[in-house]
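# Chain and residue survey
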Amino acid sequence: MVKRKVAALEKLDADFASLQYKIRRDPKSYKDDFIKQWEQYESQREIFLMAPTAATADSIESFHNIIDLIAHVADCYPEETTRFPDDLKLILNEHHTTLHPDLRDKIVGSLVLLRRKDVIDSASLLTTLFPILVSSPSKTLRELVFQKILSDMRNSNSKSINHPLNRTIQTVLYNLVTADRGSPRAIWAIKLTRELWKRQIWTDAKPVDIIKEACLADNEKVILGATRFFLGGDKEREELEDDSSDEEIDLSKIRHQIGINKKTKKQKKTYEKAVNKVRRDERKKSKPHPLNFSALHLLHDPQGFVEQLFSKHLQNTRSKLSLDTKLLVLQLITRLVGLHKLTMVALYSWFIKYLTPRQQSVTSILASLAQGAHNLVPPDALEPLIQKIANEFVSEAAAAEVAAAGLNSIREICARQPLAMSDTLLNDLVQYRKSKDKGVMMAAKGLVSLYREVGAELLQKKDRGKNATIALKNGLQHQQKFGEEKAGGIEGLDLLAKWKDEEKRRKRLEKGLPETPGSDEEDKDKDEENDSDSDGWEVDSNDDSSDSGDWINVEHSDDEAPALKKTKGDGSADSDDEDDPESTANQLERMQLLATTTILTPADLQKLQELRAAAAIEVAAGGSQRRKRPNAPEIRHTDDGLTAENIEAPAKLRKLTKEEKVALAKEGKPDREEHKSTQAIKKSKKEAAGKSTSNREKQRKKNFLMTLGKAKSKQKRSLVETRKVLRGHVERSTRGGRRRNFA
C-alpha cells in the first residue's frame, strides 16, 4: 500500500513537471490546461484555509505541488494569476506558525521566485518576509527568511544602488530598534545591517545610525551585537574584500585541461564562465574604488553618543550588564574619545577604582584607558591615573608581568599625552630599565626612548642620550605645550628630497665630476635637473623663484664632523648620519625648500608614491629602523584600537610553557598521526598522487620467496662463472652501462 502511494506521488510530480515544461514552451496552446489547474488551486486553497491544522499529508502534498506549478508559470498568465501573490502572503502571514514545514518553505520559495520573475517587487517581498523574521518561533524558518532577504538585497543592488529600496528597509530597521528598547527582536536588524555593511551594499551613514540606536538599547544581546559591529565591522569588510580579490582563475590551466581531455559541452561552459569572471574582475579593477569610510567616522554627533553610552551603561549603578559587555562598551567609548578627540573628563575619574592588579580583566581596562587619551585631554585629569598605575603595578614587590603591564600602559598613555608625566615619577620609572626581567626592562626602555623624542627635558642628563642632548642644546627639540599641534606637511617628502640628492650625486659621478658641485656649476646642474625631471612638462618660472629655489651648498668647517659624513659615498656613513640632529635639521631644511620653492611634476608625484610604498613595505617587514631601535613602540594606524595583548608583555619576552613550546614546534609542519621521517612523508605523498617508483624501490618491496631462487643460484656458481660476471660488470661500467656512451 505504501509503495503504491509513493509511486502515485512520483507519477503526479512527473506530470506536474511535464506540464510546467510544456506551458513554458507554448503558453497559448496549454492555456486550457492551466485554467484547470488554477481552478483546482482555488478549491484546494479554500479547503485549506477552512482548517489549516486538520489537513492531511496527501492534501498538503497536492497543495504543495500545485503552488510550485503556478509559481513557475505565473509570468506566462499575468491576468489569471493576479491574486496569486496576495494569497501566498495571506497564508504565510496568518498561518506560518501552524503550517507544515515543507509547505511553509515552498510558499517562501515561491514568493522569491515571483520576485525573480518581476511579478512582485522587492519592497513587497521584503515587507512580507521581515515581520515573519522577527516573530516566527521556528529557527529554521528564521534562517531561511534571513537568507532570502539578504540575497534579494544583494540582487537588487548588484547592477546599481537601489536607493528607494535601501531607504525603505533602513527605515523599517530603524523603527524596529527604536520602537521597543528592551525587545530582543532588534538583534535581527543588527545582523542584517552587519551583513549588508560587510558586503559593501550599505556604506553610508544611515546604517550607522541604526547600530547607534541599538547601542542605547536595554537588552544585553542587542547592546553586545551593536558594540561588536563598531569594533569589528570594518575589519570584517576588509577581510572579505581581500578574500574576494585573492580568487584568481588561471585561464591557461583550464585551456590546457580542455585540450588534453575529451571535449564536452560541460568543459566549454566551464571555460566560458571562467572567461566571464575574469572580464568582470577586470571591469571592477578599472572602476574607481569607493570611499569606504569607517563606521566610527560616519557617526553623527559622536560627543552626544559617547555621553549617552557612558551615563546609561557605565555610570548608571542600576545597569545589569555583565563585565564582558561593560568592557566592550568601555572599549567603544574610549575608541571614539581617542579617535574624535572628545572631551570626557568624568570618564577618567571613573577609571580610578578599577586600576588595581586584582581587578578582573585589568589589562583590557588599561588598554581602554590608553586609547581614550589624546593630546587635548587636560594633563590634570591623567596625572592621578598614571600615579595610581605606578603605585599599584610598578613596584619591587609586584610580579614581573604586573610591572611590565603597568609600564606599557603608562607608555601608551604618555605617547598620546606626554604632558601627563612628571619629572620625578619619570626618573623613578626609568630605573626599571636595569631590571633582570626582560619584559620589565624592555617596557622601561620603551618609556625612555619615547621621552627622548617628546620630552627630553624631563629626563636626567645621563638618560637623554647623545641625540636628544644635542637637539636640546641647539634648540631643535622642545616639549610641545598643551593644545599645540605640529605643522602638517606632505607625507614622504623627505624620501623624495633624499632620492633627488642621490640622483644628482649619481649623475655627477657618471660624468666623472666630484659629488658636491662648485658654485659655478650649481646653476647648470639646476637646469639639467629641471629638464630631466619634467618629462615634457613645462613650468614657467620668473627670476625670483629660480633664485630662491636653488640648492644651497653649505660650507662646513673642520669641527663639524657629522656634516662632513654626508659627502661620503659610504653607505655606513649615511646610516650613522640618520640619527644625527644636525643632519635632521639639514634634511628638514631641504624638505621645506622642496615643498615651498619647487613645483612637483607628475613624475615627482609618481616617484613619491613609489617611495612611500617601499618605505611602508620596509617598515612592515622589520627594516633597518626597527632593527636599530628595538625598543620603539609598535606602529599602528590611528583608527586601530589598543588591545590587552599590546599592554601585556609579548610572548617572546617571557618563558614559554610546555604546551606553547610544542605548539611552536608544530607550527609550519604537516599534520601527521604518527612520527615519520621526511623521506617517508614524501613517499606517502608520492603514492597518494599515484606516481610510479624506481626499480630499486620495487626490488625492495618484492616478496622474499621470489628472490630466494636467485640468491641460491649465486651460491652455486663456480669461480669461473663468478669471474665472468665480475668482468662483465667492470666492462659495462667502463663503457657507460648497457646503453654505452657514444663519443
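Fair warning: this is a prediction, and the values are worked out from it, not measured in the lab.

### Considerations on the overall build of the chain
Along the chain, the regular secondary structure elements total 36 helices and zero strands. For the chain, buried positions account for 33% of its 743 residues. Look at the contacts in the chain between residues 6 or more apart in sequence, and 69% of them connect residues 24 or more apart. For the chain, the exposed area adds up to about 46,600 Å²; of that, 51% sits on carbon and sulfur atoms.

### Here's the deal with a positive patch on the surface
Residues Lys265, Lys268, Lys269 and Lys273 make up a contiguous surface patch of positive charge. By secondary structure assignment, the location of Lys265 is in helix α13 (residues 265-286). On the accessibility criterion, Lys265 (71% relative accessible area) is exposed.

### Quick notes on the pattern of salt bridges
Within the structure shown, the criterion is met by 21 salt bridges. Between Asp87 and Arg45 there is a salt bridge whose closest N-O contact spans 3.6 Å. Of the two residues, Asp87 is situated in helix α4 (residues 84-95) and Arg45 in helix α2 (residues 31-50); the sequence distance between them amounts to 42 residues. The burial state of Asp87 is the same as that of Arg45; both residues are buried. Here Lys198 ties to Glu195 by a salt bridge, and the two come within 3.8 Å at their closest N and O atoms. Of this pair, Lys198 and Glu195 both sit in helix α9 (residues 186-198), three residues apart, which is roughly one turn of that helix. By sharing partners, the salt bridges in this structure join Glu42, Arg45, Arg83 and Asp87 into a single network.

### Here's the deal with the nonpolar core
Phe230 and Ile410 are the most contacted members of the largest nonpolar core, which has 134 residues in total. Counting residues per element, this core draws most heavily on helix α3 (residues 57-73), at eight residues. Composition of this core by domain shows at least three residues from each of domain 1 (13-240) and domain 2 (302-477 + 642-647).

### Details of the packing of aromatic side chains
The geometry of an aromatic ring pair is captured by two quantities: the separation of the ring centres and the angle between the planes. Evaluated as defined, the whole model comprises 14 aromatic pairs. Aromatic pair Tyr41 and Phe84: ring centres 5.5 Å apart, planes at 70 degrees, arrangement edge-to-face. Here Tyr41 is found in helix α2, whereas its partner Phe84 is found in helix α4, with 43 residues between them in sequence. Exposure class is identical for Tyr41 and Phe84. Each is buried. Ring geometry for Phe48 and Phe63: centres 5.3 Å apart, planes at 35 degrees, overall tilted.

### Let's talk about helix α19 (residues 400-416)
The end-to-end C-alpha distance of α19 is 25 Å, a good match for the 24 Å that 17 residues give at a rise of 1.5 Å each. Across the 17 residues of α19, twelve count as buried, placing the element largely inside the fold. On its buried face, α19 is in contact with α17 (362-371), α18 (379-392), α20 (423-430), α21 (438-454) and α31 (644-647).

### Re the packing of α2 against α4
It is the contact of α2 with α4, at a shortest axis distance of 13 Å, that shows an interaxial angle of 20 degrees. On the basis of the axis angle, α2 is roughly parallel to α4. The handedness of the crossing between α2 and α4 is left-handed. Side by side, α2 and α4 meet where Trp38, Tyr41, Arg45, Phe48 and Leu49 of the first sit next to Phe84, Asp87, Ile91 and His95 of the second.

### Overview of helix α23 (residues 493-510)
When the terminal C-alpha atoms of α23 are compared, their 26 Å separation across 18 residues agrees well with the 26 Å that a helix rising 1.5 Å per residue should span. Residues Leu493, Leu496, Ala497, Lys500, Asp501, Lys504 and Arg508 constitute the buried set of α23. The buried residues of α23 occupy an angular sector of 140 degrees when projected down its axis, which confines them to one face.

### Concerning the packing of helix α6 (residues 122-135) against helix α7 (residues 139-156)
Direction vectors running N to C along α6 and α7 enclose 155 degrees, while the axes themselves pass 10 Å from each other. Accordingly, the angle class assigned to the pair α6 and α7 is roughly antiparallel. Relative to α7, α6 is oriented so that their crossing is left-handed. Judged by residue contacts, Ser122, Leu125, Leu126, Leu129, Phe130, Ile132 and Leu133 of α6 engage Leu141, Arg142, Val145, Phe146, Lys148, Ile149, Asp152, Met153 and Ser156 from α7.

### Some thoughts on the confidence of the model for the chain
With 76% of its residues at a pLDDT of at least 70, the chain reaches an overall mean of 79. Predicted confidence is poor over residues 532-579, with pLDDT under 50, and the contacts of this stretch with residues over four places away or in other chains come to 48 contacts. Counted against residues more than four places away or in other chains, residues 623-633, with its pLDDT under 50, gives 18 contacts.

### A few points about unusual backbone geometry
Notably, Asp118 is not glycine yet its phi reads approximately 60 degrees, a positive angle. Tracing the chain through its elements places Asp118 in the loop between α5 (101-116) and α6. Of note, Lys341 is a non-glycine position whose phi angle comes to about 55 degrees, a positive value. Mapping Lys341 onto the fold places it in the loop between α15 (323-340) and α16 (345-350). Of the residues examined, Lys341 reaches a relative accessible area of 36% and is grouped as partly exposed.

### As for the environment of Thr325
Tracing the sequence through the fold places Thr325 in helix α15. Remark: the alpha-carbon pair of Thr325 and Leu224, spanning 101 residues in sequence, is separated by 6.2 Å. Those residues within four positions of Thr325 in sequence are excluded, and the remaining contacts are Glu220, Ile223 and Leu224. A polar atom in the side chain of Thr325 sits 3.1 Å from the side chain of Ser322.

Basis of the calculations
Residues numbered from 1 in each chain as written. Predicted model: local features only at pLDDT ≥ 70, side-chain atom pairs only at ≥ 80, totals over all residues. Heavy atoms only, no water. Helix = DSSP H or I, 4+ residues; strand = E, 2+ residues; numbered from the N terminus. Buried < 20%, exposed > 50% of the residue type's maximum accessible area, 1.4 Å probe, protein only. Contact = heavy atoms within 4.5 Å. Areas by Shrake-Rupley, 256 points an atom, 1.4 Å probe, with all protein chains shown as cover. Patch = residues over 30% accessible without salt bridge, like charges linked within 9 Å, V, L, I, M, F, W, Y side chains within 5 Å. Salt bridge = Lys/Arg side-chain N within 4 Å of Asp/Glu carboxyl O. Lys, Arg positive; Asp, Glu negative; His and termini not counted. Charge placed at Lys NZ, Arg CZ, Asp CG, Glu CD. Core = buried A, V, L, I, M, F, W, Y, C linked by side-chain atoms within 4.5 Å. Domains from an automatic or database assignment. Phe/Tyr/Trp six-rings, centres within 6.5 Å; stacked < 30°, edge-to-face > 60°. Expected span 1.5 Å × (residues − 1). Axes fitted to C-alpha atoms, helices over the stretch in contact; angles between N-to-C directions. Parallel < 35°, antiparallel > 145°, perpendicular 65-115°, else oblique. Left-handed = near helix turned anticlockwise from the far one by under 90°. Arc of directions from axis to C-beta. pLDDT = per-residue confidence, 0-100. Polar contact = N/O pair within 3.5 Å; in protein donor to acceptor, adjacent residues only side chain to side chain.

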